[in-house]
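Topology and contacts: notes
Each chain, letter by letter, is given below.
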Amino acid sequence: MLPVVAIVGRPNVGKSTLFNRLTRTRDALISAFPGMTRDRKYGDVNMDKRHFIIVDTGGITEETDDVGKLITKQALQAIEDADKVLFLVDGQAGVTPEDRMIADSLRRSGKPLTLVVNKTEGLDPSLSVSDAYELGLGTPVAIAAVHGSGISTLLETLFPEPNLVEAEDTPNKNIKLAIVGRPNVGKSTLTNRMLGEERVIVHDSPGTTRDSIFIPLERFEKHYTLIDTAGVRKRKKVSDVPEKFSVVKTLQAIESSNVVLYVVDARLGVSDQDLKLLGFVLECGKALVMAINKWDGMTEDAREHARATIDRHLDFVRFARVHYISALHGSGVGNLFDSINEAYESATKKLSTPMLTRLLEQAQDTHQPPLVQGRRVKLRYAHPGGHNPPCVVIHGNQLHALPESYRKFLSHFFQKKLNMYGTPVLIEFRTSDNPYRKKPGN
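Now for a look at the structure at hand. The shown structure was predicted, so the numbers you read here are calculated from the model rather than taken from an experiment. (Residues numbered from 1 in each chain as written. Predicted model: local features only at pLDDT ≥ 70, side-chain atom pairs only at ≥ 80, totals over all residues. Heavy atoms only, no water.)

1. Comments concerning the sheet that holds strand E4 (residues 84-90)
- Strands sit in the order E2-E3-E1-E4-E5-E6 across an open sheet of six strands; the sheet is mixed. Every interior strand has two partners, whereas the edge strands, strand E2 (41-47) and strand E6 (141-142), have only one.
- Bridging between strand E1 (residues 4-8) and strand E3 (residues 50-56) involves four bridges; their strand directions are parallel. Residue pairing across strands places Ile7 opposite Asp56, the latter belonging to E3. (Pairing = 2+ DSSP bridges. Helix = DSSP H or I, 4+ residues; strand = E, 2+ residues; numbered from the N terminus.)

Structure below.
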């Protein structure tokens, strides 16, 4: 098992910057706005022959509001789960009462602790750490996370001997599942329900989740990475900088996922914003499963009306399985995994040229291509053009004249015959060259 190191401190001391520096990624959101990080974010560090798992946390504060308490609770849970703790303070602001409060809490935890003074760029090395000695947590390590200075010293302090623990072997098939939807539809509640623990912050106020949180999960010997994303509102309603960052991270999470679990509030139905987000999912060619949440407590008449309305709006993604669930109470949540696995298997299914060509002939027998200027469009053969999403490349003559309706017919035909659910089937036409046609200049 790799050791786990948690980064803690008050808001805006550079915890996420240090996380990105150590993981050599840009996974954690960084902004001058305090409180950008709210949930725990895990990353892999392999630097200077030291290999460990790093955990970014939200700023610990004495805030009395509900969200502030939940952020602090998540940070304290990270401390409890960690093998070692990095306590970050701001070298330019000096030691604050909040730093002293956190230091007392860390001292009581009994965890191995390294005191780190960040933002020391341009400061005298000895003077930058002088204030930190008053915390009584040993010799501070001075770093500038944004520039990378002091990182090697920090790693040597954290692990005096090279850490040669190898990463555990993980199966090649790790399904990345992005949980997407508008704000306050229950994405974080659903994430916690699927995990079986309070892993991400849940609150009634929309926009509680700001970053995309990647969480590993193993269920029945299958490996997943759940990605809890921020809710995306209409563009004209997105005003503050943190929310703009969140929207970008959500779209990036969709692009990097294998399967998208799209969550809709049953009481609110499908909105224009849902349709736009689903359109983006289709443009990215991602496998899709629909979860209609908050199904509990609705009358039978309300359910029938909601079902009819939702079915009508989701006709353009009819390849996706639709589940009516209650994330809060857990009803129907377990069935989601069957559809997620099915969608992934369909999206990555291996196809062969003989099989696709045979199905293309069956499709033409069922519904012949239209006539163009008195001549029938010829579809000669088909072969696989890729997977995730599956693509069928069809060769023939006059394919430019085929109407979009026939392309949709072929897509639905291949989807049904190949028993593919949860993924779109892309059709690509390629016109065959006529070997007897004279080329220019001949």
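2. Considerations on helix H11 (residues 353-366)
- With 14 residues, H11 should cover 20 Å at 1.5 Å per step; its first-to-last C-alpha distance of 20 Å lies within 8% of that length.
- When H11 is considered as a whole, its buried residues turn out to be Leu356, Thr357, Leu359, Leu360, Ala363 and Gln364. All buried residues of H11 project into a common sector of 160 degrees when viewed along the axis, lining one side. Residues of H11 that are exposed and point over 90 degrees away from its buried face: Pro354, Asp365 and Thr366. (Expected span 1.5 Å × (residues − 1). Buried < 20%, exposed > 50% of the residue type's maximum accessible area, 1.4 Å probe, protein only. Arc of directions from axis to C-beta.)

3. Observations concerning the side chain of Thr23
- When you line up the elements, Thr23 lands in helix H1 (residues 15-23).
- Assessed through its relative accessible area of 10%, Thr23 is described here as buried.
- Reaching out from Thr23, the side chain makes a polar contact with the backbone oxygen of Phe19 at a distance of 2.8 Å.
- Side chain to side chain, Thr23 and Thr25 meet in a polar contact 2.8 Å long. (Polar contact = N/O pair within 3.5 Å; in protein donor to acceptor, adjacent residues only side chain to side chain.)

4. Observations regarding the pattern of salt bridges
- Under the counting rule described, the total for this entry stands at nine salt bridges.
- Note that Arg10 and Asp99 form a salt bridge whose closest N and O atoms lie 3.2 Å from each other. Of this pair, Arg10 sits in the loop between E1 and H1 while Asp99 is found in helix H3 (residues 97-109), placing the two residues 89 residues apart along the sequence.
- Residue Arg10 is classed as buried on the basis of its relative accessible area of 11%.
- A relative accessible area of 0% means that Asp99 is categorised as buried.
- Of the charged contacts in the structure, one is a salt bridge between Lys119 and Asp90, with a shortest N-O distance of 3.4 Å. With Lys119 in the loop between strand E5 (113-118) and helix H4 (125-128) and Asp90 in strand E4, this pair connects stretches of sequence that are 29 residues apart.
- Of the residues examined, Asp90 reaches a relative accessible area of 10% and is grouped as buried. (Salt bridge = Lys/Arg side-chain N within 4 Å of Asp/Glu carboxyl O.)

5. Re the environment of Arg182
- Among the structural elements, Arg182 can be located in the loop between strand E7 (174-181) and helix H6 (187-195).
- Of the residues examined, Arg182 reaches a relative accessible area of 17% and is grouped as buried.
- In this structure, the C-alpha to C-alpha distance between Arg182 and Asp274, residues 92 residues apart in sequence, is 7.0 Å.
- At 3.3 Å, the side chain of Arg182 and the backbone oxygen of Gly269 are in polar contact.

6. Focus on the packing of aromatic side chains
- According to the stated counting rule, one finds six aromatic pairs in the structure shown.
- Centroid distance Phe409 to Phe413: 5.9 Å. Interplanar angle 45 degrees. Geometry classified as tilted. Of this pair, Phe409 and Phe413 both sit in helix H12 (residues 404-417), four residues apart, which is roughly one turn of the helix.
- When the centroid spacing of 6.4 Å and the interplanar angle of 90 degrees are considered together, the rings of Phe413 and Phe414 count as edge-to-face. Considered together, Phe413 and Phe414 belong to a single accessibility category, that of buried residues.
- Ring-pair connections join several aromatic residues into one group, and the members of that group are Tyr406, Phe409, Phe413 and Phe414. (Phe/Tyr/Trp six-rings, centres within 6.5 Å; stacked < 30°, edge-to-face > 60°.)

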